Amino acid sequence: MTRVVAITNQKGGVGKTTTSINVAAAIAEHGRRVLLIDLDPQGNATMGSGASGAERGLYDVLLGETEAQSAITKAGCGLDVLAAQADLSGAELELAQAPQREQRLRRALVPLAAHYDHIYIDCPPALSLLTVNALVAADAVLIPMQCEYYALEGLTALLGTIRRVRAQLNPALTIEGLLRTMFDPRNTLALEVSDQLTRHFGGQLFQTIIPRNVRLAEAPSHGMPVIQYDRASRGAQAYLALAAEILAREPPLVAGDLSR
């Protein structure tokens, strides 16, 4: 069955979208059927994966105006993408009074269970109704974070949100792992925070570390994952290693059940 992973952090600028695009692309290279969902109204995952220009997208799906399958776009990099649209930011207002408003994304994804092995959701950098929809739809959460002081405070808030969603809306939600991103080993604070994460989270912390890398910053402007833009770069090699680590540690695919 499909495994759904929400990639989220309530703090912006931590490499969340970069991780969403590149994890999805790297997992697909292993022969898995992968869908990338852009739940961020900024639409960066849509643009960075080369899926811009979609006639229909996530806004139409959440509002019940189209089925998810008919809104999926084939991106230039070979990924399937459920794209963000400019009016996605208005979806929260329109859904505010809707019945089962937190369940819209999960219900929309049920018909896709037979078509994909992995679904990755790029969430907005805020605790919003869109983010809650992602957490309700997901089997697990992947948390990208920089190794800095404010990131630790943001992590505490995010873990609290996950606990509340687990208690009230999705008891099966787990943490896929914490991912250290934009890492500079020359930075003493980054090393100290990394050590703290290792002590406190142990096995929940991915061994793979994503470095600061100019190719990672350049790739989105070309509408492609870094593993396609410059496979030999340190950033690309890190995301390929992360994909291998994810596949090695994930539970069997039958564990994901979108119909729950």
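Relevant structure appears above.
Scope of this entry: the structure provided in the associated data block. (Residues numbered from 1 in each chain as written. Predicted model: local features only at pLDDT ≥ 70, side-chain atom pairs only at ≥ 80, totals over all residues. Heavy atoms only, no water.)

**A word on unusual backbone geometry**
Moving on, step 1. Located in the positive-phi region is Gln100, a residue other than glycine, with phi close to 50 degrees.
Moving on, step 2. Following the sequence through the fold, Gln100 ends up in the loop between α4 (91-95) and α5 (104-109).
Moving on, step 3. When its relative accessible area of 47% is taken as the criterion, Gln100 is described as partly exposed.
Moving on, step 4. Even without being a glycine, Met182 presents a positive backbone phi close to 50 degrees.
Moving on, step 5. Mapped onto the secondary structure, Met182 falls in strand β7 (residues 174-183). (Helix = DSSP H or I, 4+ residues; strand = E, 2+ residues; numbered from the N terminus. Buried < 20%, exposed > 50% of the residue type's maximum accessible area, 1.4 Å probe, protein only.)

**What to know about the side chain of Lys16**
Moving on, step 1. For Lys16, the location among the structural elements is in helix α1 (residues 16-28).
Moving on, step 2. A distance of 3.0 Å separates polar atoms of two side chains, one belonging to Lys16 and the other to Asp122.
Moving on, step 3. With residues near it in sequence (within four places) discarded, Lys16 still touches Ile7, Thr8, Asn9, Asp40, Asp122, Cys123, Pro124, Pro125 and Pro144. (Polar contact = N/O pair within 3.5 Å; in protein donor to acceptor, adjacent residues only side chain to side chain. Contact = heavy atoms within 4.5 Å.)

**A word on the pairing of strand β2 (residues 34-38)**
Moving on, step 1. In terms of burial, β2 is a largely internal element, five of the five residues being buried.
Moving on, step 2. Relative to strand β5 (residues 118-122), β2 is paired through five bridges, and the arrangement is parallel. Counted as the bridge partner of Leu35 is Ile119 from β5.
Moving on, step 3. Sheet analysis places β2 next to strand β4 (residues 80-82), joined by three bridges and oriented parallel. Residue pairing for β4: Leu36 is matched across the bridge by Val81. (Pairing = 2+ DSSP bridges.)

**Looking at the pairing of strand β1 (residues 3-7)**
Moving on, step 1. The buried fraction of β1 amounts to five of the five residues, a majority that puts the element mostly inside the structure.
Moving on, step 2. Here β1 shows a buried face lined by Arg3, Val5 and Ile7 and a second buried face lined by Val4 and Ala6.
Moving on, step 3. Pairing between β1 and β5: five bridges, direction parallel. The partner of Val5 across the bridge, within β5, is Tyr120.
Moving on, step 4. Direction of pairing for β1 relative to strand β6 (residues 140-145): parallel, over a ladder of three bridges. In the sheet register, Val5 faces β6, and the bridge partner there is Ala140.

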